[in-house]
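Fold and contact review
One-letter residues, chain by chain:
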Amino acid sequence: MTTEDFLEGQIILIDKPLHWTSFQAVNKLKWALITKLGLPKKFKIGHAGTLDPLATGLLLVCTGKFTKRITELQGQAKEYTGTFYIGATTPSYDLETEIDQTFPTEHIDDALIQETVKQFLGEIDQKPPIYSAIKKDGVRLYEHARAGETVEIATRKTTIHEFEITRIALPEIDFRVVCSKGTYIRSLAFDFGKAMNSGSHLTALRRTKIGNYNVTDGIDAEAFEQSLAPRL
């Protein structure tokens, strides 16, 4: 593709690696486009939906005039796969923080797991994790958390369109979820454990789809950079 193609607008499907922030991935692409194709430093580029550093998978990066489509893309349903660890919780609901509580799991069997899934289908009330970028009184929640401050977090409406358990090997449960914009899979992990009179946290997460876009069509950020023909 040419400089003009990216200025007119492209949607680049990136398979974000583990430990990268979404911001880092976008910056990697931006720098590659500036240095290899000569795009101006102020050209428009952005992503349509943040992935946590501990998550991998599909990141839609929009360039040029297609940045106007970011809001539309963010509103599309998303599919995730991942793993819950049953019997323990962490303050961040994932592996960012250490286990703070452990819970019994002897009462949990396949039947209880499958029955609990039904409680989370459709529209649900969900409380975002304290370790999230949502702002409370002008300060991001994770900043309150790291300062040891207790804040009241309001619940939000979200929709779980599909929720499938794909592997049970306690204490691990693998899942596939299709959900609406604004769903926190970390909160789903926490609430799922609580609903089974136990605890749970997220140990792996991969975004596989956004609307009709699939991570199987994605490209690694490094590979994208190498695919660009340098300007003459």
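Report on the accompanying structure.

Rules used in this analysis
Residues numbered from 1 in each chain as written. Predicted model: local features only at pLDDT ≥ 70, side-chain atom pairs only at ≥ 80, totals over all residues. Heavy atoms only, no water. Core = buried A, V, L, I, M, F, W, Y, C linked by side-chain atoms within 4.5 Å. Buried < 20%, exposed > 50% of the residue type's maximum accessible area, 1.4 Å probe, protein only. Contact = heavy atoms within 4.5 Å. Helix = DSSP H or I, 4+ residues; strand = E, 2+ residues; numbered from the N terminus. Polar contact = N/O pair within 3.5 Å; in protein donor to acceptor, adjacent residues only side chain to side chain. Pairing = 2+ DSSP bridges.

Phe84, Phe163, Phe175, Val177, Ile185 and Phe192 are the most contacted members of the largest nonpolar core, which has 24 residues in total. Leaving out residues up to four positions away in the same chain, phenylalanine 84 has contacts with Phe163, Pro171, Glu172, Ile173, Phe175, Ile185, Leu188, Ala189, Phe192, Ser200, His201 and Leu202. Ile12, Ala32, Leu59 and Val61 belong to the second largest nonpolar core, which has 18 residues in total.

With respect to the helices and strands, methionine 1 occurs in the segment before α1 (3–8). Sequence-wise, methionine 1 and leucine 228 are 227 residues apart; in three dimensions their C-alpha atoms are separated by 7.9 Å. In this structure methionine 1 touches Phe6, Gln10 and Leu37, once residues within four positions along its chain are discounted.

The subject of this paragraph is the environment of histidine 201. When you line up the elements, histidine 201 lands in strand β12 (residues 200–210). With relative accessibility at 2%, the residue histidine 201 sits in the buried group. Residues histidine 201 and serine 92, 109 residues apart in the sequence, show an inter-C-alpha distance of 8.4 Å. Of note is the side chain of histidine 201, whose polar atom sits 2.9 Å from the backbone oxygen of alanine 88.

Among the residues of helix α6 (residues 185–195), Ile185, Arg186, Ser187, Leu188, Ala189, Phe192 and Gly193 are the ones counted as buried. Elements that come into contact with the buried residues of α6 comprise β4 (78–86), α4 (110–118), β7 (122–126), β10 (156–169), β11 (172–179) and β12. Immediately beyond the C-terminal end of α6, within one or two residues, lies asparagine 197, with a positive phi of roughly 55 degrees.

With 8 of 8 residues buried, strand β3 (residues 56–63) is to be regarded as a mostly interior element. Summarising the sheet, strand β2 (residues 45–47) and β3 pair through 3 bridges and their orientation is antiparallel. Bridged to glycine 46 within β3 is cysteine 62. Inspection of the sheet shows β3 paired to β12 by 2 bridges, in the parallel sense. Looking at β12, one finds that threonine 56 is bridged to arginine 206.

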